[in-house]
Amino acid sequence: MYYMVFGLGYLLSLLPFCILYLLSDSIYWVVYYIAKYRRDVVRDNLLKSFPEKSLAEIIGIEKKFYHFFCDYFVETLKLISISKKEMKKRMIFHGVDLLERAVSEEGHNFVFLYLGHYCNWEWAASLPYTISPSIHCAQIYHPLYNKAVDRFFLKLRNQFGGECIPMKQTLRRVIELKKEKRPTILGFISDQLPKWNSMHFFVPFLHRETAVFTGAEQIGRQVGAVYFFAEFTRPRRGYYECVLRKLETSEVSLTEYDMTFIFMKQLERMIQEAPQYWLWTHKRWKRTKEEWLKRQQKGL
């Protein structure tokens, strides 16, 4: 199965971007109008996240999202054969010097980089092309249930020189890197929905109390990490820019997890500016705070 997936993906990846985007336009009509892939989920997420917008505006965002979602699919396939020169031209990072200074000159071994499922997050794995080779780059990932697809995505992400660390092995691997005293930039895509046993901190996010992962901040405290946020924009089709911003907390603590709170607020602002580039097909709010409180009372 893996070789079938990779072989077909490789052949498609050889097509130029202009042809791939024509393919994306065709896929859009199938996905949106015929298959109606998760349209009810996307519509519900958008309506509740932007209650101030009219239905016509919501549908406009919805269609733009599905156009982008199909672009994301073909852009990710292109990673199989894209050259380093082409990748660096299409995925531009700003603020790399700040990252390098934080992990080296300030005496810290770790920079924890917060990302969301926004724009083409798979292309963000190309950061090692821009970072000094003396700095180790890694990213936390959640293994997929389908082994063939999981292996496929691991191959895509590993090709840039970074390390993929399974989520459950994060703490152990970070401790190993600390013992080795290796300057490390570690990426966390932290906008997913935690499972019940991992829920304990909620943030007002897109008009709802939202459960968030706090693992990045908890582990970061143990190793004295510096935190950055990856702010993405898509100037035009097939091109992305990422501004790497250092996250600072105030002297007075706002919450139990200030960095996590600040990250979610930065992500919210980015989504509100261009909502079509976030992953709206995800059932982000299927576990509510009210349900969680009831489970807490019952000792579940």
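What this report covers is the structure whose coordinates are included nearby. The numbers attached to residues start from 1 for each chain and follow its sequence in the written order. Per-residue local features are limited, in this predicted model, to residues with pLDDT of at least 70; the limit for side-chain atom pairs, both in listing and counting, is 80 or more; totals at the level of whole chains, interfaces and linings are taken over all residues. To get the side-chain values, take all heavy atoms of the structure and skip hydrogens and water.

So, the pairing of strand β6 (residues 202-205)
Here is the rule we go by: Only strands that DSSP links by at least two bridges are regarded as paired with each other. Where helices and strands are cited, they refer to DSSP runs of H or I of at least four residues and of E of at least two residues respectively, numbered from the N terminus.
By the bridge criterion, 4 bridges tie β6 to strand β7 (residues 208-211) in an arrangement that is antiparallel. Residue pairing for β7: P204 is matched across the bridge by E209.

As for the sheet that holds strand β9 (residues 239-246)
We count it as follows: An axis is simply a line fitted to the C-alpha atoms; with a helix, the fit covers only the stretch in contact. Between two such axes, the angle follows the N-to-C directions and lies from 0 to 180 degrees.
Judged by pairing direction, the sheet is mixed, and its 7 strands sit side by side in the order β1-β9-β8-β2-β5-β3-β4 without closing on themselves. With partners counted over all chains shown, the strands left at the sheet margins are β1 (91-94) and β4 (163-166), one partner each. For this sheet the average axis-to-axis angle between neighbouring strands, irrespective of direction, equals 25 degrees. Taken together, the 7 bridges between strand β8 (residues 226-236) and β9 define a ladder with antiparallel strand orientation.

Side note on the environment of P166
Defined as follows: Residue exposure (1.4 Å probe, protein chains only): buried if accessible area is under 20% of the type maximum, exposed if over 50%, otherwise partly exposed. Residue contacts follow a heavy-atom distance rule, with two residues in contact if any of their heavy atoms lie within 4.5 Å.
In this structure, P166 sits in strand β4. Residue class for P166 comes out buried when judged on its relative accessible area of 18%. With 85 residues separating them in the primary sequence, P166 and S81 have C-alpha atoms 25 Å apart. Excluding anything up to four places from it in sequence, P166 contacts Y141 and P143.

Quick notes on the side chain of T170
Applicable threshold: Pairing of N or O atoms within 3.5 Å defines a polar contact, subject to two protein rules: one partner must be a possible hydrogen donor and the other a possible acceptor, and residues neighboring in sequence count only if both atoms are side-chain atoms.
Tracing the sequence through the fold places T170 in helix α8 (residues 170-180). Residue class for T170 comes out buried when judged on its relative accessible area of 5%. Of the polar contacts made by the side chain of T170, one reaches the backbone oxygen of M167; its length is 2.7 Å. In contact with T170, not counting residues within four places along its chain, are I140, I165, F188 and I219.

Here we look at the packing of α8 against helix α9 (residues 215-223)
In plain terms, the rule: When describing relative orientation, an angle under 35 degrees is termed roughly parallel and one over 145 degrees roughly antiparallel, while 65 to 115 degrees is termed roughly perpendicular and anything else oblique. Left-handed is the label given to a crossing in which the near helix is rotated counterclockwise from the far helix by less than a right angle, and right-handed is the label when the rotation is clockwise. Under the grouping applied here, Gly and all other residues not named as nonpolar or charged are polar, the nonpolar ones being Ala, Val, Leu, Ile, Met, Phe, Trp, Tyr, Cys and Pro and the charged ones Asp, Glu, Lys and Arg.
The contact between α8 and α9 brings their axes to 11 Å, and the two run at 25 degrees. Classified by the angle their axes make, α8 and α9 are roughly parallel. Note on packing geometry: the crossing formed by α8 with α9 is right-handed. Across the interface between the two elements, T170, L171, V174 and K178 from α8 touch I219, Q222 and V223 from α9. Taken together, the residues of the contact of α8 with α9 break down into 4 nonpolar, 2 polar and 1 charged.

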